[in-house]
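Residue-level structure breakdown
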Amino acid sequence: MRTVPIADDGDALKFCSTCAFSSACLDQGYDKSRLGELHVLVEHVGPFAEGTHLFREGDPFEAIAAVRAGTVKTYVNDSEGREQVLGFFLPGEVIGLNAISRNTYPCNAVALDSVSLCRFSFPGIAALAARMPGVQQQLFKLLSQDIGKAALLAGNYTADERMAAFLVSLSRRYAARGFSPTRFRLTMTRTDIANYLRLASESVSRGFRRLQDMGLVAVDRREIELRDLPKLEALASSILRG
Amino acid sequence: MQSLIQVRAPASSRPDTASMQDNIAFDAALLRRYDKPGPRYTSYPTAPAFTADFGAAQLREHALRTNEEPIPKPLSLYVHVPYCFSPCFYCGCNRIITRDRSRAAPYLLRLAREAEMIAPWFDRDREVVQVHLGGGTPNFLTPAQIFELMESLRGHFRLSTRADRDFSIELDPRFLNLGDIASYAACGFSRASFGVQDFDPVVQKAVNREQSVEQTLDAVTACRDSGFRSVNLDLIYGLPKQTVAGFARTLDIVTATRPDRIAVYGYAHMPQLFKAQTQIEERDLPDAGTKLALLQLAIDALSAAGYRHIGMDHFALPDDELAVAQDALSLHRNFMGYTTHAECDLIGLGVSAISHIGDSFSQNPRDLPAWEIAIDNGQPPVWRGLALSHDDVVRADVIQQLMCHGAVDIATIEHRYDIVFAEYFAEALVRLAPLAVDGLVVRDAGRIAATSRGRLLLRIIAMCFDNHLNAAPAAKPRYSRVI
């Protein structure tokens, strides 16, 4: 019901509020205009309509992109053509990182709602990283976060634990970008959540219903309110480990 | 009969029932000012806003979307049976008058095809917790046909088997075989609703519905004997030749029967829209003052008999689950009336039926041939509809809170939609100001609430928040008078 979180757009000088690199650049004493001088192409693209593919598996890798607004889902199709959801990317998060080690994108990326991106030429940002240790650190940090996301899926966890971890993860990620940690819209479908958490759709709904009955969440269509974050965090602790 | 309000549980406090018993003194000038046409808000936006560019493809898209909610809502089925044996002149429902029972079989066949087309749009883990058979006259169908219909629905949808499911049927006592009531119970129905309107023989003659007290009481008793959980009786005020004395006698009989629920509807005289109503002489209609007196009488008599005013036109005994749910703040309302169930996505089947799925309203063709042709062509029979905008959703919530609870809790709306009420509704509040001066509504920082006299003019209050009505004064659809 409420407005979807959207980044405060920057301008020629100012970074967007959700920029994945702004803190690293500013810490190093670079404002946005300096990036232009360094030929780091920063290009705002979009908005892309719901269902638009931003890249497909096998497309040549040229750029990484930070999400400015909306949610992006990445997925692959297995050998039998079944979709496997790899992850969801919120404003401020970077897609395409898993393509760095090769020349093509290893997965598909699709807009789940109206999505705007900030594209960075990869050669450009790599060159910048070579000059600026802070940017390099930031790049490594983003890469390790991308790997860490897979932890939700591995391991022998209960449906409730997975659900709680999923919600707490979203909450922390929204909070990190200055959005409400306790109220957000689930932009991903029940099918996608189920696929991502390796649960049946019905189990996802039962899980939400249980969490709601326990007073931990309130669900109104796609609007989620986390009513008891500490309890959810406790439930998620074995997966998220802090 | 299908009406269309869907409302959340009351936000903070239950309606102030005591205020219903206050005496309402309307002066003539006030009456003249507010006795004007207005929507009944059985939906917001109202049906005149539905357009033909919303069709089957759009409805399917909305339906598929609702499957993807974290907790998809349970389903509610409304099935419209259009046939009636005899025309009641007040009727504004979509119906076909015939004594030819052979018309039922092909209608049922097409209903089954419609269900077969629509049901696959909804995930199978979504239970149908409500079924309502309305009309027309559902008991135009034989018990065997009703059984067949329910089996067909059971084949396409997952009908709930839980004890608290609501399977209800409207019955016309004049054409009811009392022995059939046990068969309806065997089909799963546990709630029955009977039209009474008024027992006054003069009124009954004027509206062409002659139904004895005995017929009605026998039907109620038969339902109770067959294990029906609840019986509802419908009354109407504002009918031709209706008098306060006659309606008082009707209310005495009805309250002595102790139905679990009683609905008191206001008659809307709109002969230009409903052909049957042209049979009613305008000069026989009670004036606005008498109509108000009739309504006030109903409220007083039902309150004195121990009925709780649940909201709008609905009353229930204090031990009825609606009253219990209202105390527990778990009352909801959907197009079949008030319910203890959480909100549902509502699927309407049959000619003229209305659906409310996700943030959409849609309606099947009102004329039988158009509905039949669509189904025979393998097309889901959607005639027109509307995808609600965000603004529609916000206003619908406010209007329905008003219509059902007589009050809006400002903080609840602000929290739910992330708005500043006074800013978002600045124009509405300007329109509301004269109503406050006239003592219809009181406003403080926390809430907007109808006063006891305002509760009788809820439509006028709700109209202040209606953006469609206020945005397009040139193309105003025709509505009935509000009193």
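Everything below is about the structure shown above.
Okay, so let's go over this structure. The residue count restarts for each chain, going from 1 along the sequence in the order it is written. Ligands are numbered from 1 and chains lettered from A, in the order in which they are written. Residues qualify for local features only when their pLDDT is at least 70, as the model is predicted, and side-chain atom pairs are given and counted only at 80 or more; totals for whole chains, interfaces and linings, by contrast, use all residues.

**Considering the overall build of chain A**
Each helix is a run of DSSP H or I of at least 4 residues and each strand a run of E of at least 2, with the numbering of both proceeding from the N terminus. Helix and strand counts for chain A stand at 8 helices and 11 strands. Here chain A, with 242 residues, has 39% of them falling under the buried criterion. Put simply, 71% of the contacts in chain A that link residues at least 6 apart link residues at least 24 apart. Residues are called buried when their C-beta atom has 20 or more other C-beta atoms within 10 Å, exposed when it has 12 or fewer, and partly exposed otherwise; all C-beta atoms are positioned from the backbone. Contact definition: two residues whose C-beta atoms, as placed from backbone geometry, lie within 7 Å.

**As for the sheet that holds strand S7 (residues 108-111) of chain A**
All names here are of chain A. Sheet architecture is open: 4 strands sit in the order S2-S7-S4-S5, paired in antiparallel fashion. With partners counted over all chains shown, the strands left at the sheet margins are strand S2 (53-55) and strand S5 (83-89), one partner each. This sheet shows a mean twist of 30 degrees between the axes of neighbouring strands, independent of strand direction. Contacts between helix H6 (residues 190-197) and the sheet are confined to strand S4 (72-77) and S5, with S5 contributing the most and set at about 100 degrees to the helix. Two strands are counted as paired when DSSP detects at least two bridges linking them. To define axes, lines are fitted to C-alpha atoms, for helices over the stretch in contact only, and angles between the resulting N-to-C directions are given on a 0 to 180 degree scale.

**Quick word on the pairing of strand S9 (residues 261-266) of chain B**
Residue and element names in this part refer to chain B. Counted residue by residue, S9 has 6 buried out of 6 residues, so it is predominantly covered. Alternating residues of S9 divide into Arg-261, Ala-263 and Tyr-265 and Ile-262, Val-264 and Gly-266, and every residue in both groups is buried. Of the pairings in the sheet, the one linking strand S8 (residues 230-237) to S9 comprises 6 bridges and is parallel in character. The residue of S9 that forms the bridge with Asn-232 is Arg-261. By definition, the crossover connecting two strands over a helix is right-handed if that path, from the first strand to the second, turns clockwise as seen with the strands pointing away from the viewer. As for the winding sense of the linkage, the β-α-β connection from S8 through helix H8 (residues 244-257) to S9 is right-handed.

**Points about the interface of chain B and chain A**
Facing 12 residues of chain B, the contacting portion of chain A comprises 16 residues. Within the side of chain B that touches chain A, the residues separate by chemical class into 5 nonpolar, 1 polar and 6 charged. Residue classes follow a fixed rule: Ala, Val, Leu, Ile, Met, Phe, Trp, Tyr, Cys and Pro count as nonpolar, while Asp, Glu, Lys and Arg count as charged, and any other residue, Gly among them, counts as polar.

**Overview of the sheet that holds strand S20 (residues 447-450) of chain B**
Residues and elements named next belong to chain B. Strand order in the open sheet formed by 3 strands is S18-S20-S19, with antiparallel pairing between adjacent strands. Whereas interior strands pair on both sides, the edge strands pair on one side only; in this sheet they are strand S18 (407-409) and strand S19 (441-443). With strand direction ignored, the average angle separating the axes of adjacent strands in the sheet is 10 degrees. As defined by bridge partners, S19 adjoins S20 across 3 bridges and the pair is classed as antiparallel. The partner of Arg-443 across the bridge, within S20, is Ile-448. Across the sheet, helix H13 (residues 410-417) lies against S18 and S20, angled at about 55 degrees from S18, the strand it touches most.

**A look at helix H12 (residues 390-405) of chain B**
All names here are of chain B. Multiplying one less than the number of residues by 1.5 Å gives the expected span of a helix. Helix length check: H12, at 16 residues, gives a terminal C-alpha distance of 22 Å against a target of 22 Å (1.5 Å per residue), a fit within 8%. H12 sits mainly inside the fold: 12 of its 16 residues count as buried. Looking at H12, one finds that the buried residues are Val-394, Arg-395, Ala-396, Asp-397, Val-398, Ile-399, Gln-400, Gln-401, Leu-402, Met-403, Cys-404 and His-405. Immediately downstream of H12, the backbone of Gly-406 shows phi near 70 degrees, a positive value.

**Things to note about the environment of Glu-83 of chain A**
Residue and element names in this part refer to chain A. In this fold, Glu-83 is placed in strand S5. In sequence terms Glu-83 and Asp-192 are 109 residues apart; their C-alpha atoms lie 9.4 Å from each other. Glu-83 has contacts with Tyr-75, Asn-77 and Asn-195, leaving out every residue within four places of it along the chain.

**Comments concerning the nonpolar core**
Note on soluble globular proteins: their nonpolar side chains tend to be buried together. We call a set of buried Ala, Val, Leu, Ile, Met, Phe, Trp, Tyr and Cys residues a nonpolar core when their C-beta atoms link them within 7 Å. Judged by nonpolar contacts, the single largest core of 131 residues is most densely connected at Leu-77, Leu-235 and Ile-461 of chain B. For this core, the element with the highest residue contribution is H12 of chain B, accounting for 7 residues. Counting 55 residues, the second largest nonpolar core, distinct from the first, contains Cys-107, Val-115, Cys-118 and Phe-179 of chain A.

**What to know about the packing of helix H5 (residues 159-176) of chain A against helix H8 (residues 229-240) of chain A**
Residues and elements named next belong to chain A. Direction vectors running N to C along H5 and H8 enclose 110 degrees, while the axes themselves pass 8 Å from each other. Compared by their axis directions, H5 and H8 come out roughly perpendicular. For the pair H5 and H8, the contacting residues are Asp-160, Glu-161, Ala-164, Ala-165, Leu-167, Val-168, Ser-169 and Ser-171 in the first and Leu-229, Leu-232, Glu-233, Leu-235, Ala-236, Ser-238, Ile-239 and Leu-240 in the second. For the contact of H5 with H8, the class distribution of residues is 10 nonpolar, 3 polar and 3 charged. Every angle not falling under 35 degrees, over 145, or within 65 to 115 is termed oblique; those three ranges are roughly parallel, roughly antiparallel and roughly perpendicular.

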